[in-house]
Amino acid sequence: MFGITKEQFLKAFQYRSATRAYDPEKKISQEDFDYILELGRLSPSSVGSEPWQFVVIQNPELRLKLKPVSWGMQTQVEDCSHLVVFLAKKNARWDSAFLRQGLGRRNITGEQMEQVIEKYKSFQEQDIKVTESERALFDWCSKQTYIALGNMMTGAAVIGIDSCPIEGFNYEAVNQILVEAGVFNPEEWGVSVMATFGYRAKEITRKSRKPIEEVVKWIK
Ligand SMILES: Cc1cc2nc3c(=O)[nH]c(=O)nc-3n(C[C@H](O)[C@H](O)[C@H](O)COP(=O)(O)O)c2cc1C
């Protein structure tokens, strides 16, 4: 439909590999990185909440501050072309101004808005049960950021750009460093996950995956 074949898309998936060594001389162009960010912005999210912010950390001093508390990107944090911190929204409860504003953007007004909010209430309280703790509510938003993360990494691979998702860091310390640097308001946002992007410095050995029979179950 869009001129991309299945074979080409599969090739991009096979090419994408968690990249631990980046070529420090090769930087992603502004145009290409804008494309990657746009893939994040266009990603789907539960009830269309878009509970994310993508913070691109290009400041070398700030990257160095993150290094000692980020065991999972020791070999990447300085050499990667772009480092993205995915923030997830805090307190995105059914009655929050945040979700209301999201509905406003979709031109839902008045009575309709109240009906949708009642639906969010039963969804969050009874179905998915995320209002039981602040952590559960944050994790629900954090889950949405991983969809954007996946789309950005795949979209990057399609144009030959490498990436690595990063969970290998001390969350408390990274939150603290970024808050102290004035990156975000901790009342509103928290760090969900990070990702590095750039160009691989060397070949990466083929990925190993479980056989399809082990991961797919058909119920007919
Ligand atoms: C959510 C998530 C967090 C990850 N965190 C790290 C990390 O901190 N450091 C790292 O080097 N790799 C990290 N990885 C990469 C995985 O180890 C890698 O994706 C996995 O071994 C499969 O390899 P492949 O991506 O090359 O296919 C992470 C992957 C995911 C999905």
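Residues numbered from 1 in each chain as written. Predicted model: local features only at pLDDT ≥ 70, side-chain atom pairs only at ≥ 80, totals over all residues. Heavy atoms only, no water.

Trainee: Summarise empty space enclosed by the protein; cite the residues concerned and give the values.
Mentor: As enumerated under the stated definition, the model contains 1 cavity of 30 Å³ or more in all. Estimated volume of the largest cavity: approximately 40 Å³. Looking at the largest cavity, the residues that line it are V47, G48, S49, F98, L99, G102, L103, R105, R106 and Y120. A total of 5 residues in the lining of the largest cavity trace back to one element, the largest contributor, which is helix α4 (residues 97-105). Here the lining of the largest cavity is built from residues that sort into 5 nonpolar, 3 polar and 2 charged. Counting only domains with at least three residues in the lining of the largest cavity, you end up with domain 1 (6-90 + 134-215) and domain 2 (94-130). (1 Å grid on protein atoms, 1.4 Å probe; cavity = no way out; pocket = protein on both sides within 12 Å on 5 of 7 lines; lining within 4 Å. Points joined across faces, edges and corners; volume = space filled by probe spheres on them. Helix = DSSP H or I, 4+ residues; strand = E, 2+ residues; numbered from the N terminus. Nonpolar A, V, L, I, M, F, W, Y, C, P; charged D, E, K, R; others polar. Domains from an automatic or database assignment.)

Trainee: Let's hear about the site of the ligand: which residues, and what values?
Mentor: Around the ligand, 14 residues are found, and the nearest of them are A18, R20, G72, G168 and R209. R16 is positioned such that a nitrogen or oxygen atom in its side chain is 3.0 Å from an oxygen atom of the ligand. In the environment of the ligand, an oxygen atom lies 2.8 Å from a nitrogen or oxygen atom belonging to the side chain of R20. Contact with the protein chains removes 66% of the 610 Å² of surface that the ligand exposes when unbound. Ranked by the residues each element gives to the shell around the ligand, the list is headed by strand β3 (residues 162-166), at 3 residues. Its residues placed into classes, the shell around the ligand shows 5 nonpolar, 4 polar and 5 charged. (Near = heavy atom within 4 Å. Polar contact = N/O pair within 3.5 Å; in protein donor to acceptor, adjacent residues only side chain to side chain. Areas by Shrake-Rupley, 256 points an atom, 1.4 Å probe, with all protein chains shown as cover.)

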